[in-house]
Amino acid sequence: MAFSFGTRRSFATASFPNDLKLADLNGDGRLDAVTANSGNIGVSVLLGRGDGSFDPVTNYSTAGSDAYDVDIADLNGDGNLDLVVGLLYGRGVGVLYGNGAGQFGPTQVISAGAAGAVAAADLDSDGDVDLVATDQDRIGATVFLNGGSGSFGARQDYTGISLGQVVLADLNGDGTPDLIVTSADGVNLSWLPGAGDGRFGAREFIRTDTQEGTSGPSEAAVLDVNGDGRADIVAVNNIANSDGIFTASVILGLGDGSFGSAQGYVTGEWPTDVSVVDVDGDSRADILTADFFSGKTSLLSGNGDGTFQPRRDFEVGRFAIAVDVGDLNGDGKSDLVSADYGAASVSVLLGRDEPRPFVFHTQYGPNDGTLKAGESVLLTVTLSEPVTIQNGAGLNLHMSAGGVAVFESSLSDSSHLVFRYTVPPGQGEADLRINAYEFNGAFVADAQGNELDLHNVVSNPDGILRVVTAPPVVRTVTYDANDGILRAGDAVDLAVGVSDPVIVTPGADPFVLNLNDGGVATYVTALSDPTHLVFRHVVQPGYQAADLAVTAFEFNGATVQELAGNELDFSRVLTNPVGTLHVDGVSPTVNSVTFSFAETPVDPVRAGIAVLALDEAVSVMESSDFILDLNFETQAHYDRALSDSTHLAFRYTVPLGATPTDLAVVAIAYNGAVVVDGSGNAADLSLAIQLSGGLLE
């Protein structure tokens, strides 16, 4: 028969509970709960009913400040428990005096300053409870000695200590509380030996970094975990190693204030609190951690010699930030209470003796990464004791991304059930979890015939295992200039925005978009990023489109995949982006050339006009002389007055006696003149040489 916890129940607190303590606040023999809240209301009190539940919450303001930490003690010697609270934002340390009925008076601030963690104990052996708080302004710890009846004297500061949580315990066996301060961003605990008169000696260090490479002790607890009568330390580390593993450090004491090397035990993700107590009633110290990002508590059962079993996980809410243990329903078994920072509640899991084998722990292999449709991952379910399995083919786990994980008998053993999950096509999942299980005729039991209790397998195992089954798609197609006119030689960039980061692997030929002006836009690696693929289009002579659009695409051996390997669905790139981008790469040209002339009555010359008819309107910006060279050794000069937008007129004179029978243009001299259409394309007048030849008699 093994110990376990039952189904979770939740009880509301004020917003953002940050710390949790259990105590009998009203003397009725039932445990009550207190949370320090970093929302608008500082302290929540939940009075226990003695059946594992709580009365509705009563909230207390803490001098207009958020509360970071709370401890419970009789500070004024009246026999009633009081609350001491570390107040954020420079408000210092607050005290709420209890009346013995579970009710508390207004917060009295005993010291201003940027307080954080608090702890209460008799530091000077006078029978009065004194206080210690971390001071964020002075980067150290502050001691407040109780002068009796809850009146506190001048503060005593101990500076140069990395800030963290505060623990008061006798580490060196002299009967006097010592001061331990954690350091969430370092590798050491600071401890200062108590002198017995309220003072502390020089700081010493205790290393908490483990062989797994974790460190950053954020919370610690002190208890004899190996039965030698000496104080040991358990600290939880919130800095993971390179594999993303978080641990609890077990540091065995030698009885004189010195300690052995830290031994690490794997916890859930980002442990923020620890409780060391005999949870399962076997007279051996066990470890409970609050694992913030896992939303679980980890129970590591002690072996009695300072070593611990692999963890068992219990889901307690969204963000488990604090944990405490006590008998809430009077059945003699430990019950678990956890503060849920995200849900503004405390979770209660009642302890029970479990005759059936049950789930210790579930993990993926690997725990982190991305899966796409068709890929597989193994799930290993560790059991509390060996079992035998009959008709195991019926076992399966229902997964949150759809489909089931099937039992793999060849990979399993008596204490580990292994399942294989192959991702089906369908919806993705931000973090794969197990939603349900089915036996389907399978029978799994221990040697006594007790059937496996599989309900704890319904969980979100450690790590983030993302499932991406849908391919990335095109979200947007935009030009770098949405409106305007493009002519031959001009370039425009098309940016294709995609739904997920992708990797483009070019093929042998360019990756292109086909456009409706007759050309292509070519992928440009240097201009692209994982969510924007940029293609460049250069207008060639002859390209033309009323509004540039994408009509097709060609990968030409290129691959475009998101990180899970799903191919980009590029079909939505076939679009006409916002705006009107006119493409005119066609130059105006000559449709016909005509000549005419008239005898002048005054001069012995003949005057004529040559007219070039164009296929589209143009404008002429001429210099001093825009001329046509004709085939009878004369020139025709541009005449703006006789011209219009589609006809260019040139005047010429032919001396009498000249006998050309077929006039023709033999050359064109622009002499700085510019002839362009509305898009800026230069006119091609060369056909005038081929088309001219009107007969004049």
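Up top is the structure these notes are about.
Residues numbered from 1 in each chain as written. Predicted model: local features only at pLDDT ≥ 70, side-chain atom pairs only at ≥ 80, totals over all residues. Heavy atoms only, no water.

(A) Fine view of the side chain of S415. Structurally, S415 is set in the loop between β36 (404-407) and β37 (416-422). What S415 contacts, discounting residues up to four positions off in sequence, is V381, T382, L383, E385 and P386. (Helix = DSSP H or I, 4+ residues; strand = E, 2+ residues; numbered from the N terminus. Contact = heavy atoms within 4.5 Å.)

(B) Representation of the pattern of salt bridges within the structure. One pass over the full model with this rule turns up 13 salt bridges. Here R49 ties to D55 by a salt bridge, and the two come within 2.8 Å at their closest N and O atoms. Overall, D55 belongs to the partly exposed group, its relative accessible area being 32%. A salt bridge links R207 to D209; the nearest nitrogen and oxygen atoms lie 2.8 Å apart. (Salt bridge = Lys/Arg side-chain N within 4 Å of Asp/Glu carboxyl O. Buried < 20%, exposed > 50% of the residue type's maximum accessible area, 1.4 Å probe, protein only.)

(C) Layout of the side chain of D446. Within the secondary structure, D446 is located in the loop between β39 (443-445) and β40 (465-468). It is R356 that comes nearest to the buried, bridge-free D446 among opposite-charge side chains, at 8.5 Å. A polar side-chain atom of D446 sits 3.0 Å from the main-chain amide nitrogen of Q448. Setting aside residues up to four positions removed in sequence, D446 forms contacts with P355, P357, E385, P386 and V387. (Lys, Arg positive; Asp, Glu negative; His and termini not counted. Polar contact = N/O pair within 3.5 Å; in protein donor to acceptor, adjacent residues only side chain to side chain.)

(D) Representation of the nonpolar core within the structure. The biggest cluster of nonpolar side chains holds 29 residues, and the ones touching the most others in it are V496, L513, L533, F535 and F570. Breaking this core down by element, the ones donating at least two residues are β41 (474-479), β43 (491-498), β44 (502-505), β45 (512-515), β46 (520-523), β47 (532-538) and β51 (581-584). Per-element tally for this core: the top contributor is β43, with four residues. Contacts of F535, omitting those with residues within four sequence positions, involve V492, D493, L494, V496, F511, V512, L513, A521, T522, Y523 and F570. One finds V377, L395, F407 and I434 within the second-largest nonpolar core, a separate group that totals 28 residues. (Core = buried A, V, L, I, M, F, W, Y, C linked by side-chain atoms within 4.5 Å.)

(E) Here's a closer look at the packing of aromatic side chains. For the structure shown, the criterion picks out 29 aromatic pairs. When the ring of F292 is compared with that of F293, the centres are 5.1 Å apart and the planes differ by 80°; the resulting orientation is edge-to-face. For F293, a relative accessible area of 45% corresponds to the partly exposed category. Through pairs of rings, three or more aromatic residues link up here, namely F16, W270, F292, F293, F319 and Y341. (Phe/Tyr/Trp six-rings, centres within 6.5 Å; stacked < 30°, edge-to-face > 60°.)

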